[in-house]
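Coordinate inspection notes
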Amino acid sequence: MWFFWWDGRNRRGGARVFWWLFFLFMFSSMMGSGFFWLMMLGLFVLFAVGATSGVREFLNSTNDTQRPSSARRVDIPEPLRQVITPVSPTPQELAQDHALDAAISAGINPQTASVLPIDIGVVAYHGDNTTVHRTWRVDTRADALQPFVNLHVKQAARGRLRFEIRDDAGQMVFFYERDYSLTSGENLIMPPARMPIDQSSAKLGSWTLRVLGDNLPLAEHHFQWQTGEKTKLEAVGADGEISDEMRAMLARTRLERMSLDELLGDDADDSTMQRRN
């Protein structure tokens, strides 16, 4: 029984060598006894069993190599980052409420208009003071008024713009017209001409500023007057504020006004660009 213990200690080597020696011994002892073919059959069975065991061990080793390890690192892909493209505000979102009201008063549909006023009002001059009036009432002590409009255009265009101011009786007291090239997007426009205010005339009721493009109404804005000593201005929206763009526009129109005065003379300015009834 000693060789069984040996097989348990060294399963792949010990018993196999022992059995080989045992069969060789038996083969040599029985060569002359007539058991040659019986020994050949035993050797064939032994080789078949050995070959089967070798194939089984090879397959088991292959499966162990291909079997995934439980400790294998699994890379989890990072979630895709969603890129949010900023959406540009629509002209209706850019437009101030009083400008939308002016468009609707002129018969313009803000949802479908290709040219939409997004800001409109007048600039009042009193001495060295300059004040922007959108919904504020204009001080009766002002020396002059200068209209402005900011038009949002979907596509670049060129046309003739006309500014009109009418008093509460519907009489035209100011107009200015000129050809302008409008770019896609915002176009702040301020004519270089100003409307002088006659301090002796009564300024009552609601006055109207109208802007027309190629004789088609684009905006109709209403403003009123106040007596500076009695009425306090109420801060509504962006009234009184002058943006950097408007400051540049004021400086540009001031230069244009000086050039026109030098070219046409003082009387030409009153006869061609302003009309008072």
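Small disclaimer: the values here were computed from a predicted structure and weren't measured. Along each chain, the written sequence defines residue order, and numbers are assigned to residues from 1. Restriction of local features to residues with pLDDT of at least 70 applies here, the model being predicted, together with a cutoff of 80 or more for giving and counting side-chain atom pairs; totals for whole chains, interfaces and linings are based on all residues. The basis for every side-chain value is the complete set of heavy atoms in the structure, and neither hydrogens nor water enter the calculation.

1. Looking at the overall build of the protein
- On a plain count of helices and strands, the protein comes out with 6 helices and 10 strands.
- With 277 residues in all, the protein has 34% of them scored as buried.
- Contacts between residues were defined by any pair of non-hydrogen atoms, one from each residue, lying within 4.5 Å. Contacts in the protein between residues far apart in sequence, at least 24 positions, make up 62% of those at least 6 positions apart.
- Here the open area of atoms and residues is found with the Shrake-Rupley method and a 1.4 Å probe, where only the protein chains shown may cover a residue. Summing over all exposed atoms, the protein offers an accessible surface of approximately 18300 Å²; the carbon and sulfur share of this is 56%. Under the DSSP-based scheme used, a helix requires at least four consecutive residues in state H or I and a strand at least two consecutive residues in state E, with every element numbered from the N terminus. Only protein chains enter the accessibility calculation, which uses a 1.4 Å probe; a residue whose area is less than 20% of its type maximum is buried, one above 50% is exposed, and one in between is partly exposed.

2. Thoughts on the environment of R252
- Relative to the assigned elements, R252 resides in helix 6 (residues 244-272).
- On the basis of relative accessible area, R252 is assigned to the partly exposed category, the value being 42%.
- On a C-alpha basis, the gap between R252 and P191 in space is 9.8 Å, while along the polypeptide they are 61 residues apart.

3. Points about the confidence of the model for the protein
- With 58% of its residues at a pLDDT of at least 70, the protein reaches an overall mean of 76.
- The score called pLDDT rates the predictor's confidence residue by residue, from a low of 0 to a high of 100. Every residue in residues 1-10 scores below 50 in pLDDT, and together they form 6 contacts with partners more than four places removed in sequence or on other chains.
- Within the model, pLDDT remains below 50 along residues 262-277, and this stretch shows 32 contacts once partners closer than five positions in the same chain are excluded.

4. Thoughts on the side chain of H152
- Residue position: H152 is located in strand 4 (residues 144-153).
- Contact partners of H152, with chain neighbours within four places excluded, come to P91, L94, S114, V115, L116, I118, G185 and E186.

5. With respect to the nonpolar core
- Counting 29 residues, the largest nonpolar core has L145, I165, I189, M195 and F223 as the members making the most contacts within it.
- Every element with two or more residues in this core is listed here: strand 1 (115-126), strand 4, strand 5 (157-166), strand 6 (172-182), strand 9 (206-213) and strand 10 (216-226).
- A per-element tally of this core places strand 6 first, with 5 residues.
- When residues no more than four places from it in sequence are discounted, the contact partners of L145 are V122, V123, A124, V138, R194, M195, I197, F223 and W225.
- V123, Y125, L188 and M190 belong to the second largest nonpolar core, which has 9 residues in total. Buried Ala, Val, Leu, Ile, Met, Phe, Trp, Tyr and Cys residues form a nonpolar core when they are joined through side-chain atoms within 4.5 Å.

6. Thoughts on the sheet that holds strand 6
- A pair of strands is considered paired only if DSSP assigns at least 2 bridges between the two. With respect to topology, 5 strands assemble into an open sheet ordered 3-10-9-5-6, the strand pairing being mixed. With one partner strand each, in any of the chains shown, strand 3 (138-139) and strand 6 form the two edges of the open sheet.
- Note that strand 5 and strand 6 share 10 bridges and pair antiparallel. When the sheet's bridge partners are listed, R160 is paired in strand 6 with D179.

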